[in-house]
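Next come the chains, spelled out residue by residue.
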Amino acid sequence: MSKVAVVTGGTRGIGLSITKALIAEGYQVAALYHGNEEAAQKCAAETGAKVFKADVADFAQCQKTVADIEAALGPVGVLVNNAGITKDGMLHKMPEDNWHAVIETNLTSCFNMCRAVIEGMRARQFGRIINISSINGQKGQLGQCNYSAAKAGMLGFTRALALESAAKGITVNAICPGYIATDMTSAMPQEVLDSIIRQIPAARMGKPEEIADMVAFLASDKAAFITGSTMTVNGGQYIAA
Ligand code: NDP
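Residues numbered from 1 in each chain as written. Predicted model: local features only at pLDDT ≥ 70, side-chain atom pairs only at ≥ 80, totals over all residues. Heavy atoms only, no water.

Enquirer: Can you lay out the site of the ligand for me, pointing to particular residues and giving the numbers?
Expert: As a matter of local geometry, the ligand sits amid 30 residues, with Arg-12, Gly-35, Asn-82, Tyr-147 and Thr-182 nearest to it. Gly-35 is positioned with one of its backbone polar atoms (N or O) 2.7 Å from an oxygen atom of the ligand. In this structure, Lys-151 approaches the ligand through a side-chain N or O atom, which is 2.9 Å from an oxygen atom. Coverage of the ligand by the protein chains reaches 94% of its 900 Å² of free accessible surface. When contributions to the shell around the ligand are tallied by element, the ones reaching two or more residues are helix H1 (13–24), helix H6 (145–165) and helix H7 (183–186). (Near = heavy atom within 4 Å. Polar contact = N/O pair within 3.5 Å; in protein donor to acceptor, adjacent residues only side chain to side chain. Areas by Shrake-Rupley, 256 points an atom, 1.4 Å probe, with all protein chains shown as cover. Helix = DSSP H or I, 4+ residues; strand = E, 2+ residues; numbered from the N terminus.)

Right, here's the structure in full:
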């Protein structure tokens, strides 16, 4: 089994915790980032991950980056599609660019990255693909038609690719985090965060490590029979059937 893992958005926030958790499990990790050089260099120095700069919304860059990773580290066994952005606003005020940017960075990126690794995984008869969706892809969220659509789209993508890949030893699963304390959520006004916490039965936000632990489990041999699933990690905020 290949012990090379790729984590998009792997140098900061939830992705950095995923990078650390997979390194602790013995993986060589390639952590992708987009623009934050400081966070990327800090991640490389502190964790030993190899960092690669690429825009996950760009098909050609994803192809090239996966080829560079495989040349440097070997065949990719685990892919975590974690990179994501928000550009919130009510639909009646949403600029067209904010629709396309969020769909391309959160959803098209899954196609771009999976397309780059899937043929190799099929040939080697092994792979683990883990897509980081969101509670707001499950339940919808006002001001997030773009983000909720992208994150719900990831769930359909996960199920279809799971069906295509199961006979080839590849599992494909999604994780839907609830609200997790990272740069993404610290950008929200404190009164909004306080009102969200009041809606969480566990009465707190989640920690990035709690998502990373689920990723490490789904990547492990123990999860070999789990595919096409949506794992909810949200403190009880939204309990889906
Ligand atoms: P952060 O904003 O803290 O980090 C986002 C990461 O994605 C960064 O590493 C960033 O790179 C990278 N990234 C953004 N755009 C691109 C791009 N075009 N190409 C490559 N990399 C890119 O986010 P979080 O850690 O909070 O979120 C991680 C994932 O979890 C996202 O998909 C998010 O939607 C999802 N999620 C988060 C929740 C939360 O409460 N935080 C809740 C539910 C889901 P760089 O550092 O270079 O900018």
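Back to the write-up after that little detour.
Enquirer: Mind laying out empty space enclosed by the protein, listing which residues take part and the relevant values?
Expert: On inspection of all chains with the given rule, the structure shows one cavity of 30 Å³ or more. Estimated volume of the largest cavity: approximately 30 Å³. Around the largest cavity, the lining residues are Thr-8, Val-56, Asn-81, Asn-82, Ala-83, Thr-105, Asn-106, Ser-109, Cys-110, Met-113 and Met-154. (1 Å grid on protein atoms, 1.4 Å probe; cavity = no way out; pocket = protein on both sides within 12 Å on 5 of 7 lines; lining within 4 Å. Points joined across faces, edges and corners; volume = space filled by probe spheres on them.)

Enquirer: Could you give an account of the pairing of strand E5 (residues 127–132), naming the residues involved and the relevant values?
Expert: Burial analysis of E5 places six of its six residues in the buried class, the great majority of the element. When strand E4 (residues 78–81) meets E5, the two strands line up parallel, connected through four bridges. Bridging from a neighbouring strand, Leu-79 pairs with Ile-129 of E5. Read from E4 through helix H4 (residues 96–124) to E5, the crossover connection turns out right-handed. (Buried < 20%, exposed > 50% of the residue type's maximum accessible area, 1.4 Å probe, protein only. Pairing = 2+ DSSP bridges. Right-handed = clockwise from strand over helix to strand, strands pointing away.)

Enquirer: Which residues make up H6, and what values do they have?
Expert: Between its first and last C-alpha, H6 extends 30 Å over 21 residues, near the 30 Å set by a 1.5 Å rise per residue. If you check which residues of H6 are buried, you get Asn-146, Tyr-147, Ser-148, Ala-150, Lys-151, Met-154, Leu-155, Thr-158, Leu-161, Ala-162 and Ser-165. (Expected span 1.5 Å × (residues − 1).)

Enquirer: Break down the sheet that holds E4 for me, with residues and values.
Expert: Read across the open sheet, the seven strands follow the order E3-E2-E1-E4-E5-E6-E7; overall the sheet is parallel. The two strands at the open ends of the sheet, each matched to only one other strand, are strand E3 (50–53) and strand E7 (230–233). Within this sheet the neighbouring strands show an average axis-to-axis angle of 20 degrees, counted without direction. When strand E6 (residues 170–177) meets E7, the two strands line up parallel, connected through four bridges. Within E7, the residue paired with Ile-175 across the bridge is Met-231. Strands in contact with H4 are strand E1 (4–8), strand E2 (28–33), E4, E5 and E6; relative to E4, the strand with the most contacts, it is inclined by about 170 degrees. (Axes fitted to C-alpha atoms, helices over the stretch in contact; angles between N-to-C directions. Contact = heavy atoms within 4.5 Å.)

Enquirer: Residue-level account of the pattern of salt bridges, with values.
Expert: The final tally for this structure, using the stated rule, is six salt bridges. For Lys-53, the salt bridge is made with Glu-37, and the minimal N-O distance between the two is 3.2 Å. You can see Lys-53 sitting in strand E3 and its partner Glu-37 sitting in helix H2 (residues 37–47), a full 16 residues away along the chain. Note on Glu-37: relative accessible area 32%, which makes it partly exposed. Of the charged contacts, one joins Lys-64 and Asp-68 as a salt bridge, the two residues approaching to 2.7 Å between their closest N and O atoms. Here Asp-68 and Lys-64 lie together in helix H3 (residues 59–73), a separation of four residues that amounts to about one turn. (Salt bridge = Lys/Arg side-chain N within 4 Å of Asp/Glu carboxyl O.)

Enquirer: Outline the environment of Ile-200, listing residues and values.
Expert: Here Ile-200 is to be found in the loop between helix H8 (190–198) and helix H9 (208–219). In this structure Ile-200 comes out as buried when scored by relative accessible area, which is 5%. Considered as a pair, Ile-200 and Tyr-179 are 21 residues apart in the sequence and their alpha carbons are 8.9 Å apart. What Ile-200 contacts, discounting residues up to four positions off in sequence, is Asn-234, Gly-235 and Gln-237.

Enquirer: Quick rundown of the packing of aromatic side chains? Include the residues and the values.
Expert: On inspection of all chains with the given rule, the structure shows one aromatic pair. For the ring pair Phe-59 and Phe-111, a centre distance of 5.8 Å and an interplane angle of 15 degrees mean the geometry is stacked. A residue pair is termed long-range when its members are at least 10 positions apart, and Phe-59 in helix H3 and Phe-111 in helix H4 qualify at 52 residues. Taking relative accessible area as the criterion, Phe-111 reaches 43% and is therefore assigned partly exposed. Seen from the ring of Tyr-27, Lys-3 lies directly overhead, with NZ or CZ sitting 4.0 Å from the centre. (Phe/Tyr/Trp six-rings, centres within 6.5 Å; stacked < 30°, edge-to-face > 60°. Lys NZ or Arg CZ within 6 Å of the ring centre and 35° of its normal.)

Honestly, that's just the spatial picture; any functional story needs more than this.
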